[in-house]
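So the chains spell out like this:
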Amino acid sequence: GNQCADGIEICGHPSTVRGDLRTNFGRVGKFMKLLVDIADSTDIADLVALERASFPGDRITRRSFRRLVRAPSAVLLVCRSGIDLAGYGLVFFRRGNSIARLYSIAVAASYRGQGVAGQLLACMEEEVRARGCDRFRLEVNADNGAAIHLYARLGFRTFGRIEGYYEDGGDA
């Protein structure tokens, strides 16, 4: 099959050591090469830096990232362009549960609006299906219009609202 060295299929694209994805970012004739892979301990410093740059609160700590790269109940994907960390996505799974949870997704400011989040979500959705889950849920800050629009465009639907969900009191 189309598997990475870790034995995890990433988006059904052929790969050898890493999930190698070539994505058109909407610039005429210009392509950027993205590598999407399962995160490992060498990614932690970049993950922490992206987390700090992306979220004012409710951040994943260095210690948590160290645990998550080894956790069987989680898939932590990184998306790189060259040596740059363009983004990451984190999905949680529960044994015996058919619902996967998108816990976090972040895209570096210089890569926003270029399709990185959509590519990460597509890869996470493939992993969700591969693990036998039939539902993929997430919470999103009610003030994050760009994310809400992206999720809706990708087929997610709103099914509830949780008041005061976030550390800063924001609704999900």
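Everything quoted here is computed from the prediction, not taken from an experiment.

**Student:** What should I look at first to understand the overall build of the protein chain in this one?
**Tutor:** Helix and strand counts for the protein chain stand at four helices and six strands. Each helix and strand of the protein chain, ordered N terminal to C terminal, gives the series β-β-α-α-β-β-β-α-β-α. Burial status across the protein chain gives 42% buried among its 172 residues. Across the protein chain, contacts joining residues at least 24 apart in sequence account for 51% of those joining residues at least 6 apart. Surface exposure of the protein chain reaches about 10000 Å², of which carbon and sulfur atoms provide 48%.

**Student:** How should I be thinking about the pattern of salt bridges in this particular structure?
**Tutor:** If charged atoms from side chains of opposite charge come close, those side chains can pair. Evaluated as defined, the whole model comprises six salt bridges. The closest approach of N and O atoms between R80 and D46, which form a salt bridge, is 2.9 Å. Here R80, found in strand β3 (residues 74-81), pairs with D46, found in helix α1 (residues 44-54); they are 34 residues apart in sequence, far enough to count as distant. Under the relative-accessibility criterion, D46 is labelled partly exposed at 33%. One network of salt bridges, in which partners are shared, links D43, D46 and R80.

**Student:** Hey, could you run me through the confidence of the model for the protein chain in this one?
**Tutor:** In regions of low pLDDT, the predicted coordinates are not meant to be interpreted in detail. Of all residues in the protein chain, 76% attain a pLDDT of 70 or more, and the chain-wide mean is 77. Of the regions scoring below 50 in pLDDT, residues 1-30 engages in 68 contacts with residues more than four places distant in sequence or in other chains.

**Student:** Whenever I open this one, the pairing of strand β6 (residues 135-138) confuses me. Can you help?
**Tutor:** Along any regular strand the residues' side chains alternate between the sheet's two faces. The side-chain alternation of β6 yields one buried face, formed by F136 and L138, and one unburied face, formed by R135 and R137. A crossover links strand β5 (residues 99-107) with its parallel partner β6, the connecting element being helix α3 (residues 116-130), and its sense is right-handed.

Basis of the calculations
Residues numbered from 1 in each chain as written. Predicted model: local features only at pLDDT ≥ 70, side-chain atom pairs only at ≥ 80, totals over all residues. Heavy atoms only, no water. Helix = DSSP H or I, 4+ residues; strand = E, 2+ residues; numbered from the N terminus. Buried < 20%, exposed > 50% of the residue type's maximum accessible area, 1.4 Å probe, protein only. Contact = heavy atoms within 4.5 Å. Areas by Shrake-Rupley, 256 points an atom, 1.4 Å probe, with all protein chains shown as cover. Salt bridge = Lys/Arg side-chain N within 4 Å of Asp/Glu carboxyl O. pLDDT = per-residue confidence, 0-100. Right-handed = clockwise from strand over helix to strand, strands pointing away.

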